[in-house]
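# Coordinate analysis (summary)
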Amino acid sequence: MSVNEFVGHFLTKAHHPTPLGGRNAKHEGWSNPILKRSDHTTLEAPQRRGRNLVETVGQRLRNAIAKGDLKPGDKLLSESGLTQQHQVSRTVIREAIASLRADGLVEVRHGVGVFVLAPQAGLQKGFRSVDSNRVSSIIEMLEVRAAIEIEAAGLAASRSSPAQQELIFECLDTMNRQIAAGSSTVESDRAFHLAIADSTNNPRFRELLEAIGQQMIPRSLLQEEDVDISPPDYLSQIQSEHSLIARAIADGDDSAARDAMRTHLKGSQQRYRALIRRS
């Protein structure tokens with residue numbers, strides 16, 4: 001039985017989601033599962049067979065690079081310029097750029113801008129040893145992520161700026177809206193973890209996560225085109241875990257941040273180990 005069959009079977013079985021409601025968080029704006037903040041632009045889910053705004057903007061930029069409209073060395077418009085050009089929020093632009101950066105298409109030069117990179121022959125995308133058809137290989141990848149991200153969460157709690165914390169919560173906002181709309185959260189989930197890596201203010205953490213590639217979020221293997229088929233209660237559980245990580249970082253509690261990230265990633269490992277036992 002393939003990993004898709006394993007995971008599809010597993011995710012439709014018993015889950016124990018933790019409600020996202022309540023106001024236990026110290027961070028402003030956490031009053032219900034679908035976050036609403038006056039300083040954040042509300043986006044409507046695009047009506048294009050589940051294709052979300054991040055993927056749409058990212059594909060437009062990829063096409064411009066592939067066609068030569070954007071050449072190696074060219075500087076992309078500023079964040080505000082891209083926001084106006086594509087009529088989307090800053091969060092969408094940041095996530096789209098993060099996706100392009102992960103695929104080696106652009107380079108972010110802090111304080112300068114985003115530049116198109118020259119194509120690299122035989123560009124490596126993700127770990128060569130990750131086999132998407134083997135559940136055990138996914139567990140191996142999750143173990144590597146745990147080694148990186150548990151410490152990253154602790155450092156983010158100690159070092160992150162208010163702006164970096166805000167981006168983490170914006171990623172949560174985006175995922176909540178996508179869950180409510182029934183659209184894919186894979187890219188925004190990935191952006192959430194990369195935002196935490198950036199909040200360490202040590203660029204090596206992002207580089208290590210980007211080396212894993214798109215399979216960093218295992219449920220991306222379940223997507224049918226751009227539609228995430230994970231059930232809502234499973235996504236709710238994941239979001240509850242995400243929210244605990246974000247709150248600990250915002251509170252500056254490095255111990256709680258490490259514990260929350262450990263719980264999140266170890267939980268993922270347990271879920272996939274259960275697939276192996278059932279096989």
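This text goes with the structure placed above it.
So, how was this worked out
Residues numbered from 1 in each chain as written. Predicted model: local features only at pLDDT ≥ 70, side-chain atom pairs only at ≥ 80, totals over all residues. Heavy atoms only, no water. Helix = DSSP H or I, 4+ residues; strand = E, 2+ residues; numbered from the N terminus. Contact = heavy atoms within 4.5 Å. Expected span 1.5 Å × (residues − 1). Buried < 20%, exposed > 50% of the residue type's maximum accessible area, 1.4 Å probe, protein only. Axes fitted to C-alpha atoms, helices over the stretch in contact; angles between N-to-C directions. Parallel < 35°, antiparallel > 145°, perpendicular 65-115°, else oblique. Nonpolar A, V, L, I, M, F, W, Y, C, P; charged D, E, K, R; others polar. 1 Å grid on protein atoms, 1.4 Å probe; cavity = no way out; pocket = protein on both sides within 12 Å on 5 of 7 lines; lining within 4 Å. Points joined across faces, edges and corners; volume = space filled by probe spheres on them. Core = buried A, V, L, I, M, F, W, Y, C linked by side-chain atoms within 4.5 Å. Pairing = 2+ DSSP bridges. Phe/Tyr/Trp six-rings, centres within 6.5 Å; stacked < 30°, edge-to-face > 60°. Lys NZ or Arg CZ within 6 Å of the ring centre and 35° of its normal.

### Some points on the overall build of the chain
Each helix and strand in the chain was counted, giving 10 helices and 2 strands. Each helix and strand of the chain, placed in order from N terminus to C terminus, yields the pattern α-α-α-α-β-β-α-α-α-α-α-α. A fraction of 73% describes how many contacts in the chain between residues 6 or more apart in sequence connect residues 24 or more apart.

### Considerations on helix H2 (residues 53-67)
In an α-helix, one turn spans 3.6 residues, which is why side chains three or four residues apart end up on the same side. Taking 1.5 Å of rise per residue, 15 residues should cover 21 Å, and H2 covers 21 Å from first to last C-alpha, within 8% of that figure. Buried residues of H2: Val54, Glu55, Thr56, Val57, Gly58, Leu61, Ala64 and Ile65, and no others. Residues of H2 that are buried sit in contact with helix H3 (79-86), helix H4 (90-102), strand E1 (106-109), strand E2 (113-116) and helix H7 (186-198). Looking at the residues trailing H2, positive phi occurs at Gly68, about 90°.

### A word on the packing of H4 against H7
At a minimum axis separation of 10 Å, H4 and H7 run at an interaxial angle of 80°. One way to sum up the angle between H4 and H7 is to call them roughly perpendicular. Contact with H4, carried on its side by Glu95, Ala98, Ser99 and Ala102, involves Glu187, Ser188, Arg190, Ala191 and Leu194 of H7 and no other residues of that element. Here the residues of the contact of H4 with H7 sort into 4 nonpolar, 2 polar and 3 charged.

### Description of empty space enclosed by the protein
Enumeration according to the criterion identifies 2 cavities of 30 Å³ or more in this entry. The space that makes up the largest cavity amounts to roughly 130 Å³. Around the largest cavity sit 14 residues that line it, and Arg145, Pro218, Arg219, Tyr234 and Ser268 are the ones nearest its centre. Of all elements in the fold, only helix H5 (135-159), H7, helix H9 (232-250) and helix H10 (254-278) reach the threshold of two or more residues within the lining of the largest cavity. Of the residues forming the lining of the largest cavity, the biggest block, 4 residues, is contributed by H10.

### Some remarks on the nonpolar core
One finds Ile168, Phe192, Ile196, Ile245, Ile249 and Met261 to be the most contacted residues of the largest nonpolar core, which totals 22 residues. Residue assignment for this core shows that the elements contributing at least two residues are H5, helix H6 (162-181), H7, H9 and H10. Look past the residues within four positions of Ile249 in its chain and what remains in contact with it is Ala153, Ala156, Ala157, Ser160, Gln165, Ile168, Ile196 and Ala257.

### Some details on the pairing of E2
Of the two faces of E2, both are covered, the one formed by Gly113 and Phe115 as well as the one formed by Val114 and Val116. Bridge count between E1 and E2: 4 bridges; the pairing is antiparallel. Each residue of the ladder has a partner; that of Glu107, found in E2, is Phe115. The turn joining E1 and E2, which pair antiparallel and follow one another in sequence, is formed by 3 residues; a positive phi near 85° is taken by Gly111.

### As for the packing of aromatic side chains
In total, this model carries 0 aromatic pairs according to the counting rule given. A cation sits over an aromatic face here: Arg109 above Phe115, 4.0 Å from the ring centre.

### Brief notes about the layout of surface pockets
Here the largest pocket defines a volume of roughly 870 Å³. As for the largest pocket, its lining consists of 34 residues, and the residues nearest its centre are Arg101, Val108, His110, Leu167 and Asp198. Where the lining of the largest pocket is concerned, the elements lending two or more residues are H3, H4, E1, E2, H6, H7 and helix H8 (203-212). If one sorts the elements of the lining of the largest pocket by residue count, H4 sits on top with 7 residues. For the lining of the largest pocket, a count of residues per class yields 17 nonpolar, 10 polar and 7 charged.

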